[in-house]
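Structure at a glance
What follows is the residue order along each chain.
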Amino acid sequence: MATPLSDLLLNDRGFAFDPVGGDTFQLSVTGLRVVRLLQQGADEAAILASLQAEYEVDENTARRDLASFLQALEQLGWAS
């Protein structure tokens, strides 16, 4: 059974706990930001804009890194 992203427990240091599987993960600062934005209902365009503004990264890099991260979330069963 996959854990919905909304049920994932996070702390400010990037610690993520999957209450269904009991697994723990350490997210980077950027990964934590993306997960929190997803939990708030942000779409991909809003997340890309946020990444570009907050981390001063170009659009192509932000798009590539976000796609890779979202794929990893899907593999974990966290994709919403």
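For the structure, check the block above.
Notes on the structure in this doc start here. Along each chain, residue indices are assigned from 1 in the same order as the chain's sequence is written. Under the rules for a predicted model, residues below a pLDDT of 70 receive no local features and side-chain atom pairs below 80 are neither given nor counted, while totals for whole chains, interfaces and linings still include all residues. Each side-chain value is derived from all of the structure's non-hydrogen atoms; neither hydrogens nor water enter the calculation.

As for the packing of helix H1 (residues 29–39) against helix H2 (residues 44–55)
Let me state the cut-off plainly: Helix axes are fitted to C-alpha atoms over the stretch in contact, other axes to C-alpha atoms as well, and angles between N-to-C directions run from 0 to 180 degrees. Elements are defined by DSSP. Helices are runs of H or I of four residues or more, strands are runs of E of two residues or more, and each kind is numbered from the N terminus. Here is the rule for handedness: rotate from the far helix to the near one, and if that takes an anticlockwise turn smaller than a right angle the crossing is left-handed, while a clockwise turn gives right-handed. The contact definition used throughout considers only heavy atoms, calling two residues in contact when any of these lie within 4.5 Å. Charged residues are taken to be Asp, Glu, Lys and Arg, nonpolar residues to be Ala, Val, Leu, Ile, Met, Phe, Trp, Tyr, Cys and Pro, and polar residues to be all remaining types, Gly included.
Two elements in contact, H1 and H2, have axes whose closest approach is 11 Å; the angle formed by their N-to-C orientations is 145 degrees. In the packing of H1 onto H2, the handedness of the crossing is right-handed. Only Ile47, Ser50, Leu51, Glu54 and Tyr55 of H2 make contact with H1, whose side of the interface consists of Val29, Thr30, Arg33, Val34, Leu37 and Leu38. A per-class count over the contact of H1 with H2 returns 7 nonpolar, 2 polar and 2 charged.

Some words on the packing of H1 against helix H3 (residues 59–76)
Worth spelling out the cut-off: Oblique is the label for any angle not covered by the other classes, which are roughly parallel (under 35 degrees), roughly antiparallel (over 145) and roughly perpendicular (65 to 115).
Running from N to C, H1 and H3 point in directions that differ by 70 degrees, and their axes come no closer than 11 Å. With respect to their mutual orientation, H1 and H3 come out roughly perpendicular. You can see that H1 and H3 cross each other, and the crossing is right-handed. Contacts between H1 and H3 involve Gly31, Val34, Val35 and Leu38 from the former and Leu66, Phe69, Leu70 and Leu73 from the latter.

What about the sheet that holds strand E3 (residues 24–26)?
The line we're drawing: Paired strands, as defined in this entry, are two strands with at least two bridges between them according to DSSP.
Spatially, the 3 strands line up as an open sheet ordered E1-E2-E3, and their pairing is antiparallel. The open sheet has two edge strands, strand E1 (9–10) and E3, and neither has a second partner. Examined bridge by bridge, strand E2 (residues 15–17) and E3 share 3 bridges and lie antiparallel to one another. The residue of E3 that forms the bridge with phenylalanine 15 is glutamine 26.

Points about the environment of leucine 38
Following the sequence through the fold, leucine 38 ends up in helix H1. Through-space distance from the C-alpha of leucine 38 to that of alanine 79 is 9.1 Å; in sequence the pair is 41 residues apart. Setting aside anything within four residues of it in sequence, one finds leucine 38 in contact with Leu5, Ile47, Leu70 and Leu73.

Honestly, that's just the spatial picture; any functional story needs more than this.
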